[in-house]
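Remarks on the overall topology
Here's the letter readout for the chains.
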Amino acid sequence: MENRPLEYDYTVAKMFMLTTVLLGFVGMLIGVILAFELAFPGVNTILGSLGLNEFTNFSRLRPLHTDAVIYGFTLSGIWATWYYVGQRVLKVSMAESKFLMFIGKLHFWIYLLVVVAVVVSLFLGITTSKEYAEFEWPIDIAVVVVWVLSGISIFGLIGMRREKSLYISVWYYIAMFLGIAMLYLFNNMEVPTYFLSGGVGAWYHSVSMYAGTNDALVQWWFGHNAVAFGFTVPIVAMIYYFLPKESGQAVYSYKLSLLSFWGLMFVYLWAGGHHLIYSTVPDWMQTMGSIFSVILILPSWGSAINMLLTMKGEWQQVAASPLIKFMILGSTFYMFSTIEGPIQSIKSVNAIAHFTDWIVGHVHDGVLGWVGFMIMAALFHMAPRVFKRELYSKSLMAAQFWIQTLGIVLYFTSMWIAGITQGMMWRAHDEFGNLAYSFIDTVTILHPYYTIRAVGGALYLIGFVMFAYNIYKTMSARPVEESELKSASPMGA
């Protein structure tokens with residue numbers, strides 16, 4: 001009995017895999033609708049005859065899009081991979097602990113309830129109006145409960161591990177948990193107004209404990225570092241596991257992975273001030289945000305180069321495997337995005353870029369190309385092992401890759417051109433010092449680029465539907481044992 005191979009229990013991983021697919025589709029569908037609303041404003045009122053304009057206009061749908069992608073698709077994908085990767089690199093099964101299995105399932109179901117509460121409240125226009133932190137205090141409390149449960153799962157598995165060494169991916173998952181816990185708690189310090197005003201107003205309404213410039217500083221300390229610990233750190237954890245497993249190549253440099261880890265941990269936390277350049281924030285703080293943003297290139301590129309060099313001598317696999325294509329192009333987009341952001345944070349560049357669509361392009365080449373590609377690649381690798389079924393179609397995966405890549409390229413190039421055009425037009429003036437263009441002039445000139453952006457987003461959504469269909473069909477494909485699957489071995493997992 002003791003020599004029998006360890007049987008991993010993927011019950012919770014499967015649950016989060018399914019929510020990753022569902023919430024990814026919802027978030028991206030709303031994003032495409034928003035893109036078409038910007039290109040063709042009439043789409044905002046398309047349900048006007050039914051009296052539903054309130055629920056379909058841009059301002060109501062926009063937070064639903066961002067939160068569905070950040071807290072729905074991305075977080076579900078992170079937790080799906082943790083409940084898979086954690087067991088394997090720590091050499092322990094969830095089935096060995098009834099307590100951890102209970103916590104894992106409770107984590108999922110409370111998370112699902114929070115998702116429902118978020119969707120309903122945002123559709124109703126109940127919001128704190130803080131970007132990426134729109135939830136009112138009752139939902140915030142529930143989010144903290146979900147986060148504590150996820151932490152119990154992470155540290156519970158670590159505590160009962162058989163593998164003495166912690167593989168680098170585990171470091172990044174731990175950092176994600178601790179970083180977001182700190183960020184979310186401090187940014188969402190709020191006062192429930194109903195209970196402190198003698199029962200005036202709605203019971204769920206609240207105001208921030210911070211005011212004015214302080215509120216802005218804390219908000220963007222949170223907002224930028226949510227990108228660090230949500231869109232960067234756990235996605236790096238994924239690629240450090242899945243790329244070696246899929247390619248059979250050892251991580252190029254373990255020392256570089258640790259150096260990049262500590263660089264990200266220290267530098268990222270100081271860069272949020274670049275969101276507030278030319279604002280009421282003290283000038284020294286704006287400068288510090290710019291400087292640390294430029295320094296951030298080093299640990300970011302250190303991670304990305306480590307990933308790319310992992311394929312040293314095996315580049316033919318990139319041509320042969322669509323799954324490895326996703327991860328390698330994802331790493332490339334990571335490099336691309338993490339040099340673009342620091343460039344935009346330089347004050348002279350920011351003077352043109354700030355408030356323009358170039359920022360939107362930067363965000364989306366990172367999220368669609370890096371986060372989206374890596375989560376889908378991870379689920380593609382997991383699906384045959386979790387469901388014990390052969391992957392339904394590699395040709396469908398390859399077609400998805402090219403369609404989505406085209407969509408990303410159309411998206412970010414159109415937004416680059418639109419953003420720089422906006423910035424230059426806003427600053428242009430005649431010989432008398434008067435502005436050369438009105439605001440509506442910039443809106444008119446950007447229409448073709450908004451249309452291209454919408455088409456690019458639609459292509460990415462089509463690719464995501466192909467991904468969802470491939471995962472769905474895999475669940476009923478030919479049965480296969482893991483021993484039949486090509487499987488490399490980080491930490492012997």
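Residues numbered from 1 in each chain as written. Predicted model: local features only at pLDDT ≥ 70, side-chain atom pairs only at ≥ 80, totals over all residues. Heavy atoms only, no water.

A separate point is the overall build of the protein chain. Of regular secondary structure, the protein chain possesses 18 helices and 2 strands. Taken against the 2.2 N^0.38 rule, which gives 23 Å for 493 residues, the C-alpha radius of gyration of the protein chain at 23 Å falls within 12% of a compact globule. In terms of principal-axis extent, the alpha carbons of the protein chain reach across some 85 × 60 × 50 Å. The buried share of the protein chain, reckoned over its 493 residues, is 54%. Considering only intrachain contacts with a sequence separation of at least 6, the fraction spanning at least 24 residues in the protein chain is 82%. Element-wise, carbon and sulfur atoms account for 71% of the exposed surface of the protein chain, whose accessible area totals about 21100 Å². (Helix = DSSP H or I, 4+ residues; strand = E, 2+ residues; numbered from the N terminus. Rg over C-alpha atoms; globule rule 2.2 N^0.38 Å. Buried < 20%, exposed > 50% of the residue type's maximum accessible area, 1.4 Å probe, protein only. Contact = heavy atoms within 4.5 Å. Areas by Shrake-Rupley, 256 points an atom, 1.4 Å probe, with all protein chains shown as cover.)

Let's shift gears to the nonpolar core. Generally speaking, a soluble globular protein has its nonpolar side chains buried in company with each other. If you look at the biggest cluster of nonpolar residues, it comprises 131 residues, and the most contacted ones within it are Trp 79, Tyr 84, Tyr 172, Met 238, Phe 242 and Trp 370. When neighbours within four sequence positions are excluded, Tyr 172 is seen to be in contact with Val 233, Val 236, Ala 237, Tyr 240, Ser 257, Ser 260, Phe 261, Leu 264 and Ser 303. (Core = buried A, V, L, I, M, F, W, Y, C linked by side-chain atoms within 4.5 Å.)

Before going further, it helps to spend a moment on helix 15 (residues 357-387). For helix 15, with 31 residues, the first-to-last C-alpha span of 42 Å sits near the 45 Å given by 1.5 Å per residue. Along its length, helix 15 shows its largest kink, about 30 degrees, at His 381, and proline Pro 384 lies within four residues downstream of that point. Taking burial as the measure, the 31 residues of helix 15 include 28 buried ones, the bulk of the element. One or two residues past the end of helix 15 sits Lys 388, with phi positive at roughly 55 degrees. (Expected span 1.5 Å × (residues − 1). Bend = angle between axes of the 7 residues up to and from the residue.)

Let us look at a nonpolar patch on the surface. Taken together, the side chains of Phe 99, Val 144, Val 148, Ile 152, Met 182, Leu 185, Phe 186, Met 189 and Met 209 present a nonpolar region at the surface, about 780 Å² in accessible area. The set of elements that each furnish at least two residues to the nonpolar patch consists of helix 5 (137-159) and helix 6 (168-187). With respect to the helices, strands and loops of the structure, Val 148 is situated in helix 5. (Patch = residues over 30% accessible without salt bridge, like charges linked within 9 Å, V, L, I, M, F, W, Y side chains within 5 Å. Salt bridge = Lys/Arg side-chain N within 4 Å of Asp/Glu carboxyl O.)

Okay, the pattern of salt bridges next. Two side chains carrying opposite charge are able to pair once their charged atoms lie near each other. Within this structure, the stated rule accounts for 6 salt bridges. In this structure, Arg 62 engages Glu 131 in a salt bridge whose closest nitrogen and oxygen atoms are separated by 2.7 Å. Highlighted residues: Arg 62 in helix 3 (residues 58-90) and Glu 131 in the loop between helix 4 (98-123) and helix 5, separated in sequence by 69 residues. Note that Glu 390 is salt-bridged to Arg 478, the shortest N-O span being 3.2 Å. Linking Glu 390 in the loop between helix 15 and helix 16 (394-427) with Arg 478 in the segment after helix 18 (447-474), this pair joins segments that are 88 residues apart in sequence. Assessed through its relative accessible area of 44%, Arg 478 is described here as partly exposed.

The next subject is the side chain of His 224. Residue placement: His 224 occurs in helix 8 (residues 212-247). Excluding residues that lie within four positions of it along the chain, His 224 makes contacts with Tyr 268, Ala 271, Gly 272, His 274, His 275 and Leu 296.

This paragraph deals with the environment of Leu 217. By the secondary structure assignment, Leu 217 is in helix 8. Along the chain, Leu 217 and Lys 245 lie 28 residues apart, while their C-alpha atoms are 41 Å from each other. Setting aside residues up to four positions removed in sequence, Leu 217 forms contacts with Leu 276, Val 281 and Met 285.

Of all residues in the protein chain, 97% attain a pLDDT of 70 or more, and the chain-wide mean is 93. No element of the protein chain has a lower mean pLDDT than helix 2 (residues 53-56), at 88, and none a higher one than helix 18, at 98. (pLDDT = per-residue confidence, 0-100.)

Turning our attention to unusual backbone geometry. Of note, the phi angle at Ser 129 is positive, near 70 degrees, even though the residue is not glycine. Locating Ser 129 in the fold gives a position in the loop between helix 4 and helix 5. Residue classification places Ser 129 among the exposed residues on the basis of a relative accessible area of 64%. In this model, Tyr 278 sits at a positive phi of 60 degrees, which is unusual for a non-glycine residue. Relative to the helices and strands, Tyr 278 resides in the loop between helix 9 (254-267) and helix 10 (283-295).

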